[in-house]
Amino acid sequence: MAPGPAGRTPVFERRTTGGGGAGGGAAEKVVALTFDADMTADQGPRAASGERFDNPELVALLRRLKVPSTVFMTGRWAEEYPAQAKAIGADPLFEVANHSYSHHAFSSPCYGLPVVEKNAMTRDVERAFTAFRKAGVRNVVPYFRFPGGCYDDTALRALAPANVTAVQWDVVSGDAFATDADAVAEQVLDGVRPGSLVVMHCTRSAAPATEAAVRRIVPELRERGYRFVKVSELMEDGA
């Protein structure tokens, strides 16, 4: 996407154009499932003590169901799970986008997250891309998701040199810390519209019900005629 007004980082939330060609028509029934691989810069001791910030069973399920997906990965996650990061990035079913290095907030307040200083925002994003390269991650796309989805005009201006597109969402799955998979599935199924972008998580400790929810979401949306696409495809007119 082109830079936003006054050189701000552009923001994408969902596809709003129809898929019916020049003559108009109904919007194409496509939806993007996105998964945040969250891990903050200071959670190393928790990982060392056995807490799992990954979810390989969810990734395996997406492969079995053949669901193209975009994974928004923190640099710290790629450092903690380099083999998994590399495998996800090598699989053409997935694309890897940037979720910051530290998973600290780019505006405040933001769910109690520590805040990245304005002059360190671009460096934090670039550090994540560096962590991806060191882990051998391929299929990296120039998209960025603000931790917590929190941003303001200052952050959009500060990140302009990073040459990324900020990707938000229009459907909140509610999977963060949820234990009721059916409730998560219902929230997604009730919210999806043609062109929707769904935010979910692939961290077992923070989103233990996501895999079970996806088991229901995918077949039900396919029964409704939806096709799953990556964010890069969702951005393309006529995908």
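Residues numbered from 1 in each chain as written. Predicted model: local features only at pLDDT ≥ 70, side-chain atom pairs only at ≥ 80, totals over all residues. Heavy atoms only, no water.

Participant: Sorry, what's going on with the overall build of the protein here?
Facilitator: For the protein, the count of helices and strands is nine helices and nine strands. Scaling as 2.2 N^0.38, a compact globule of 239 residues should have a C-alpha radius of gyration of about 18 Å, and the protein matches this with 17 Å. The dimensions of the protein, computed from C-alpha atoms along their principal axes, are 50 × 45 × 35 Å. Looking at the protein residue by residue over its 239 residues, the buried ones come to 54%. (Helix = DSSP H or I, 4+ residues; strand = E, 2+ residues; numbered from the N terminus. Rg over C-alpha atoms; globule rule 2.2 N^0.38 Å. Buried < 20%, exposed > 50% of the residue type's maximum accessible area, 1.4 Å probe, protein only.)

Participant: Before we go on, may I ask you to explain unusual backbone geometry in this structure?
Facilitator: Backbone phi values are negative for most residues with the exception of glycine, while trans is the configuration of most peptide bonds. The residue after serine 108, namely proline 109, is reached through a cis peptide bond having omega 5 degrees. As for its position among the elements, proline 109 is in the loop between strand S4 (94–98) and helix H5 (121–135). A positive phi angle, near 55 degrees, is found at tyrosine 111, a position not held by glycine. The topology assignment puts tyrosine 111 in the loop between S4 and H5.

Participant: Quick question: what am I supposed to make of the layout of surface pockets here?
Facilitator: Take a probe with the size of a water molecule and roll it over the atoms, and the empty space left behind shows itself. A volume near 580 Å³ is recorded for the largest pocket. Taken together, 26 residues form the lining of the largest pocket, with Asp38, His103, Ala176, Phe177 and His201 sitting closest to its centre. Split into classes, the residues belonging to the lining of the largest pocket amount to 11 nonpolar, 10 polar and five charged. (1 Å grid on protein atoms, 1.4 Å probe; cavity = no way out; pocket = protein on both sides within 12 Å on 5 of 7 lines; lining within 4 Å. Points joined across faces, edges and corners; volume = space filled by probe spheres on them. Nonpolar A, V, L, I, M, F, W, Y, C, P; charged D, E, K, R; others polar.)

Participant: I would appreciate a short explanation of empty space enclosed by the protein in the present structure.
Facilitator: Summed over the entire model, instances satisfying the criterion amount to one cavity of 30 Å³ or more. Of the voids in this model, the largest cavity is the one considered here, and its volume is about 40 Å³. Lining the largest cavity are Phe35, Leu58, Val59, Leu62, Val71, Ile88, Phe94 and Cys202. Split by residue class, the lining of the largest cavity holds eight nonpolar, no polar and no charged.

Participant: Where do I start with the pairing of S4 in this structure?
Facilitator: Side chains on a regular strand alternate between the two faces of the sheet. For S4, a buried count of five out of five residues is recorded, marking the element as mostly surrounded by other parts of the structure. Burial along S4 is two-sided: Phe94, Val96 and Asn98 and Glu95 and Ala97, pointing in opposite directions, are all buried. Strand direction decides the pairing type here: strand S3 (residues 69–73) and S4, joined by five bridges, are parallel. Among the inter-strand pairings, threonine 70 is bridged to a residue of S4, identified as glutamate 95. In terms of strand pairing, S4 meets strand S5 (residues 140–144) through two bridges, oriented parallel. In the sheet register, valine 96 faces S5, and the bridge partner there is valine 140. Following the chain from S4 across H5 to the adjacent parallel S5, one finds a crossover that is right-handed. (Pairing = 2+ DSSP bridges. Right-handed = clockwise from strand over helix to strand, strands pointing away.)

Participant: So what exactly am I meant to see when it comes to the nonpolar core here?
Facilitator: Side chains of nonpolar character tend, in soluble globular proteins, to be buried together. Ranked by internal contacts, the top residues of the largest apolar core, which has 62 residues, are Met73, Trp77 and Phe106. For this core, the element with the most residues is H5, which contributes seven residues. Aside from chain neighbours lying at most four places away, what touches tryptophan 77 is Ala37, Asp38, Met39, Phe53, Asp54, Gln84, Ala85, Ile88 and Thr203. Ala32, Leu197, Leu234 and Met235 belong to the second-largest nonpolar core, a separate cluster that totals 13 residues. (Core = buried A, V, L, I, M, F, W, Y, C linked by side-chain atoms within 4.5 Å. Contact = heavy atoms within 4.5 Å.)

Participant: Help me understand the state of the cysteines, please; the structure alone is not making it clear to me.
Facilitator: In protein structure, a disulfide is the covalent linkage between the sulfur atoms of two cysteines. Counted by the stated rule, this structure contains one disulfide. Here cysteine 110 is linked by a disulfide to cysteine 150, with a sulfur-sulfur distance of 2.1 Å. What sets the handedness of the cysteine 110 and cysteine 150 disulfide is the S-S torsion sign, and at about 85 degrees it is right-handed. Here the residue cysteine 110 occupies a position in the loop between S4 and H5, and cysteine 150 occupies one in the loop between S5 and helix H6 (153–158), the gap between them amounting to 40 residues. The pair cysteine 110 / cysteine 150 is uniform in exposure class, with both members buried. In this structure cysteine 202 is a free cysteine whose sulfur lies 18 Å from that of cysteine 110, the closest cysteine sulfur available. (Disulfide = S-S within 2.5 Å.)

Participant: Any chance you could explain the packing of aromatic side chains here in plain terms?
Facilitator: In this description, an aromatic ring pair is defined by two values, namely the gap between the centres and the angle between the planes. According to the stated counting rule, one finds six aromatic pairs in the structure shown. Seen from their ring centres, phenylalanine 144 and phenylalanine 146 are 5.0 Å apart, and the 80 degrees between their planes marks the pair as edge-to-face. Comparing phenylalanine 144 with phenylalanine 146 shows no difference in burial state: the two are buried. Here the aromatic residues Phe106, Phe144, Phe146 and Tyr151 are joined through ring pairs into a cluster of three or more. The ring of tyrosine 101 is capped by arginine 127, whose NZ or CZ atom sits 3.7 Å from the centre of that ring. A cation over a ring is seen here: arginine 145 above phenylalanine 72, with NZ or CZ 4.0 Å from the ring centre. (Phe/Tyr/Trp six-rings, centres within 6.5 Å; stacked < 30°, edge-to-face > 60°. Lys NZ or Arg CZ within 6 Å of the ring centre and 35° of its normal.)

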